[in-house]
Amino acid sequence: KNVLFITTKYLKSYNYKLKSYNLKSRKQKTLLTETSTNWINLHHDLVFLKDSKSFVWASERDGFKHLYHFTNKGELINQLTKGKWVVDSIQYIDEKKGLIYFTGRADTPLERHLYRVPLSGKSPEHVARLSSRNGFHSINFSQDGNSYIDSFSNITTPKQVSLHDVNGEHLT
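Here the structure is a predicted model, which means the values were calculated and not measured. (Residues numbered from 1 in each chain as written. Predicted model: local features only at pLDDT ≥ 70, side-chain atom pairs only at ≥ 80, totals over all residues. Heavy atoms only, no water.)

Visitor: What's the story with the overall build of the chain in this structure? I'm lost.
Guide: On a plain count of helices and strands, the chain comes out with zero helices and 14 strands. Going from the N terminus to the C terminus, the chain shows its helices and strands as β-β-β-β-β-β-β-β-β-β-β-β-β-β. On C-alpha atoms alone, the chain measures out to a radius of gyration of 17 Å, which is about the 16 Å that the 2.2 N^0.38 rule sets for 172 residues. Here the C-alpha coordinates of the chain stretch approximately 55 × 35 × 30 Å along the principal axes. (Helix = DSSP H or I, 4+ residues; strand = E, 2+ residues; numbered from the N terminus. Rg over C-alpha atoms; globule rule 2.2 N^0.38 Å.)

Written out as structure tokens, the structure reads:
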């Protein structure tokens, strides 16, 4: 609603900022600033929720890339994932059911799986793994979020593509 959100990182800077720019008033505000003494990885994990009051953002502020829920004013609501592992990317957010689906490496750094966690932030250390086979999963959700395509492979299995329901049940 007349607001543009921008991420900025300058070449020799250890700051990554999320800013809002009001198109009517032409005023800019910094909502978040990520800082590091070494390096900050850029990402595309910024999803504004339909309630127009909050967003989900990925950050490495605890040393590992995890998901956080913020108000549109940049105030932290809660941390959604936590642990000594990384989130790869947000795949789908089901706002009605209050669930976030993402790929990550919670079980082992050698594999990528699909996980689910509640948007409420209750127990961020306990994510539910939905992909069943050990290996590397690339996920594409349907627009309605009721199913997803899983492109799977591992060291002994060539790429296989399958259709699953939102709970990870193999359909075809």
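Still more ground to cover, so stick around.
Visitor: Could you clarify how one ought to interpret the packing of aromatic side chains in this entry?
Guide: Geometry of an aromatic ring pair is reported as the spacing of the ring centres plus the angle between the planes. Using the criterion set out here, one finds twelve aromatic pairs in the structure. Each ring, one from Tyr68 and one from Phe70, has its centre 6.5 Å from the other, and the planes form 40°; the classification is tilted. The pair formed by Tyr68 and Phe70 is uniform in burial state, with each residue classed as buried. Here a set of aromatic residues connected by ring pairs shows up, and it is made of Phe5, Phe48, Phe55, Tyr68 and Phe70. The ring of Tyr68 has Arg61 sitting right over it, with the charged end atom 5.1 Å from the ring centre. (Phe/Tyr/Trp six-rings, centres within 6.5 Å; stacked < 30°, edge-to-face > 60°. Buried < 20%, exposed > 50% of the residue type's maximum accessible area, 1.4 Å probe, protein only. Lys NZ or Arg CZ within 6 Å of the ring centre and 35° of its normal.)

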